[in-house]
Amino acid sequence: MGKRGSRSQSQLLGSLTKKQKKHLRDFGEEHPFYDRVSRKEAKPQTCQLSESSDTSSSESEAESEPEQVSGYHRLLATLKNVSKEEEEEEEEEEDSVTDETEMNLEDGDSDISEEEEMAAESADMQGSVASPADPEGKDGHGPPGTSEESPEEFTDAKHESLFSLETNFLKEESGGDSSLKASQDPFVQHVNTKLKEKEIQAVATNPRTTHQLKWPILGQVVFSSKFQKLETFKPPKDIDLKSVHLQKPLESTWIKTNSQFLSGPPKSSSPFTPLQKELFLIMNSYRDLFYPERTALKNGEEIRHVYCLHVINHVLKANAQVLANNSRRRSQKLGVGDDDDFRDQGLTRPKVLIVVPFREAALRVVQLFISLLEGDSKKKIIVSNKKRFNGEYGSDPEERPPNLKRPEDYEAVFVGNIDDHFRIGVAILQRSIRLYAPFYSSDILIASPLGLRTIIGGEGEKKRDFDFLSSVELLIIDQADIYLMQNWEHVLHLMNHMNLLPLDSHGVDFSRVRMWSLNNWSKYYRQTLLFGALQDAQINSVFNKYCVNVQGQVAVRNVPMTGSISQVLVQLPHVFQRMEAESLASVIDARFNFFVNKILPQYRDAVMSHTLIYVPSYFDFVRLRNYFKKEELNFTHICEYTQKSGVSRARHFFLQGEKQFLLLTERFHFYKRYTIKGIRNLIFYELPTYPHFYSEVCNMLRATGSGEEAAWTCTVLYSKYDAQRLAAVVGVERAAQMLQSKKNVHLFITGER
């Protein structure tokens, strides 16, 4: 049987063409295009190539890992292999001629013909599962680690030549790069900014200079910079689209895309809302921006529209510059011109990274990209793999429980597909979009922190990759407050791996790489846009530590005049108890000791039953739970990891009074928003991350029933390091008095008639 099988296998291999052998080696099966059975679905015949046949270079590279060398030396070493790589690319281009003709026929519409597209996608997906010979992706450039971590992950390999920046040229109808030559274009000014070695060295020691202005809509705006020059500006009353240097076709498509937010006739009104105008002026100046008042319910979509406009504008300008230089190099004779004139790109192609929490947000971003490139033109743009994208990132409305009643802000955040593990590459070339592009062939990466964490890996892991982050010029972190509820460590891990020198060349032409990118100065040219719903110390820390843009930083710093305590509807005494802590590092232990020694003894009496303890940090929750078990207190607990049956049991025991204490984590409240019934005594172990959670939890006492209002209590622990959260709850003036007062106990009463 073995000989007969090997003989039939060799006969099968002998009958295949060179192209078919290549597809078989890469994907583990024959391409459906060459199926001999017509109009009948059959399982593809898979076979394994013998060891004597051609083996992929990626397999041999995976088996023998080179020694770790510094990134820059490895880049220089790859220059020796350029000629070999070019020869291999020429052979692959010859083999792919027929594929390109087929693809051009299919790409006439925005949706490629259904049968052929599904067949090609299924073959690609099966190849990624069944092929052990290419663990790094379809063509060796796919997202690293996808094959062993999520074999079903799909990357589009067949549109590589259409979206390659190296082999394409600028079309005449696109208007050339005349707009890029203008010295007033903020994009050109930013990428051509020259820094000196002395300025870079001084950044580490320079104090941050700041200047505060008041803008009509944004309010208190703080300009800052660690470089010597600090330039500020105020928004003009009116702006038109020509003055902001939008690339074609954005001038015509933006007004239609943004029409839902504009009031009045399109011709008479501004192309931006007042908020969008001020935000875009900052974005277009390439300064870093922190805007902590982005809410899903109020202005989330309005902000998403304007940063997507900035992203597409940036990518179109950057790609137009590369394609124009391709044309110039082709028309010039060899040896004519200065190589520095053509330095127009980074060490890797991805230039924009958009971090969003859920697939629904990624879906909306891509839909905006399509709308901005397409507009109301009759000719639809080509979008590769659109159906697959809609299937994986869309949602079924029937999946949501019909009787689920939650607050409006909850409904706005958790809408659509809320999977938080995803990543996708998007390539844009003039008026075409390629979804599921391999990372190193993408212009834009859209991912969640968890999706990026599984690629970046950790110290000591063999298969990890973060080279694709080396040349990111625009980083957008949207809905940053939600990452506090997911895992903030993933965000910190990402920021620590931004703009590092890559460990491999990835086929880059070093004569086209900007000097500041070769000098490892990319982080000083990266623009970071940070949007969130609240002022938080951890988010502020990321903005202050990792944002060192040469153009400077802009942060919106409005203080809340009225706190969320004003939204408490029940008649309730709020006792705020201040604890002393010597340093920020000692706050955790100081809070625990204060609670155990001062607060908990008041509630040990059986009279003080039905006590809910709200704990924002999961680590504090675990510490309290272990202490309660050790002390054998009558308690139950609910956290984000508690199963549904355990949650129901804990709520029942607490309501009936069988358990005196209920420990509740903030992340459980964020993801579920259950109304806990039976609360008579409320303890905030720490002030909530979201200020409106304070009033929500206090208003849960209304579900207890009437006749017991006189016995209700609420106790809140705070320290001087909780100033931001305290101001959000009680208002900035009261917070200042409470922090400066000699008294450690302050009483507020709400709901008085």
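Here's what I pulled together on the structure shown here. (Residues numbered from 1 in each chain as written. Predicted model: local features only at pLDDT ≥ 70, side-chain atom pairs only at ≥ 80, totals over all residues. Heavy atoms only, no water.)

## Some remarks on the pattern of salt bridges
Enumeration over the complete set of coordinates arrives at 22 salt bridges. One salt bridge in this structure joins Arg 578 and Glu 580, with 3.4 Å as the shortest N-O distance. Residue Glu 580 is classed as exposed on the basis of its relative accessible area, which comes to 55%. Measuring nitrogen to oxygen at the nearest pair gives 3.4 Å for the salt bridge that ties Glu 686 to Arg 725. Of this pair, Glu 686 sits in the loop between strand E16 (681–684) and helix H27 (691–699) while Arg 725 sits in helix H28 (residues 723–730), and the two are 39 residues apart along the sequence. (Salt bridge = Lys/Arg side-chain N within 4 Å of Asp/Glu carboxyl O. Buried < 20%, exposed > 50% of the residue type's maximum accessible area, 1.4 Å probe, protein only. Helix = DSSP H or I, 4+ residues; strand = E, 2+ residues; numbered from the N terminus.)

## Structural notes on the sheet that holds strand E12 (residues 572–578)
A sheet is described by the order of its strands in space; here seven strands give the open sequence E14-E15-E13-E16-E17-E12-E18, paired in mixed fashion. Of all the strands in the sheet, the pair left with one neighbour each is strand E14 (635–638) and strand E18 (745–750). In this sheet, adjacent strand axes meet at a mean angle of 20 degrees when their direction is disregarded. Pairing analysis gives six bridges linking E12 to E18, with the strands arranged antiparallel. In the sheet register, Pro 573 faces E18, and the bridge partner there is Ile 749. Helix H24 (residues 618–630) rests against strand E13 (611–615), E14 and strand E15 (661–665) of the sheet, and its axis sits at about 160 degrees to E15. (Pairing = 2+ DSSP bridges. Axes fitted to C-alpha atoms, helices over the stretch in contact; angles between N-to-C directions. Contact = heavy atoms within 4.5 Å.)

## What to know about the nonpolar core
It is characteristic of soluble globular proteins that their nonpolar side chains tend to be buried jointly. Leu 353, Leu 469, Phe 576, Leu 682, Phe 684 and Tyr 694 are the most contacted members of the largest nonpolar core, which has 77 residues in total. Top contributing element to this core by residue count: helix H19 (residues 480–486), with five residues. Apart from residues no more than four positions distant in its own chain, Leu 469 is found in contact with Leu 353, Ile 456, Leu 494, His 497, Met 498 and Asn 499. Core analysis: the second largest hydrophobic core is formed by 62 residues, Val 315, Val 356, Leu 474 and Val 554 among them. (Core = buried A, V, L, I, M, F, W, Y, C linked by side-chain atoms within 4.5 Å.)

## Considering the packing of aromatic side chains
On inspection of all chains with the given rule, the structure shows 34 aromatic pairs. Measuring from ring centre to ring centre gives 5.4 Å for Phe 576 and Phe 748, while their planes differ by 85 degrees; the resulting arrangement is edge-to-face. On the criterion of sequence distance, the pair formed by Phe 576 in strand E12 and Phe 748 in strand E18 is long-range, its members being 172 residues apart. Each member of the pair Phe 576 and Phe 748 is classed as buried. Ring centres of Phe 668 and Tyr 674 lie 5.5 Å apart, and the angle between their planes is 85 degrees; on these two criteria the pair is classed as edge-to-face. Per residue, the accessibility class of Phe 668 equals that of Tyr 674, and both read buried. Put simply, the rings of Phe 358, Tyr 410, Phe 414, Phe 670, Tyr 671, Tyr 690 and Phe 693 pair up and form one aromatic cluster. Its guanidinium or amino end placed over the ring of Phe 592, Arg 623 lies 4.2 Å from that ring's centre, counting from NZ or CZ. (Phe/Tyr/Trp six-rings, centres within 6.5 Å; stacked < 30°, edge-to-face > 60°. Lys NZ or Arg CZ within 6 Å of the ring centre and 35° of its normal.)

## Things to note about the pairing of strand E10 (residues 527–531)
Of all five residues in E10, five are buried; the element is thus mostly enclosed. Residues of E10 alternate between two faces, with Gln 527, Leu 529 and Phe 531 on one and Thr 528 and Leu 530 on the opposite face, all of them buried. When strand E3 (residues 288–291) meets E10, the two strands line up parallel, connected through three bridges. If you follow Tyr 291 over to E10, its bridge partner there is Phe 531. Note that strand E9 (residues 474–477) and E10 share four bridges and pair parallel. Of the residues in E10, the one forming a bridge with Ile 476 is Leu 529.

Everything listed is a geometric property; what it means functionally is a separate question.
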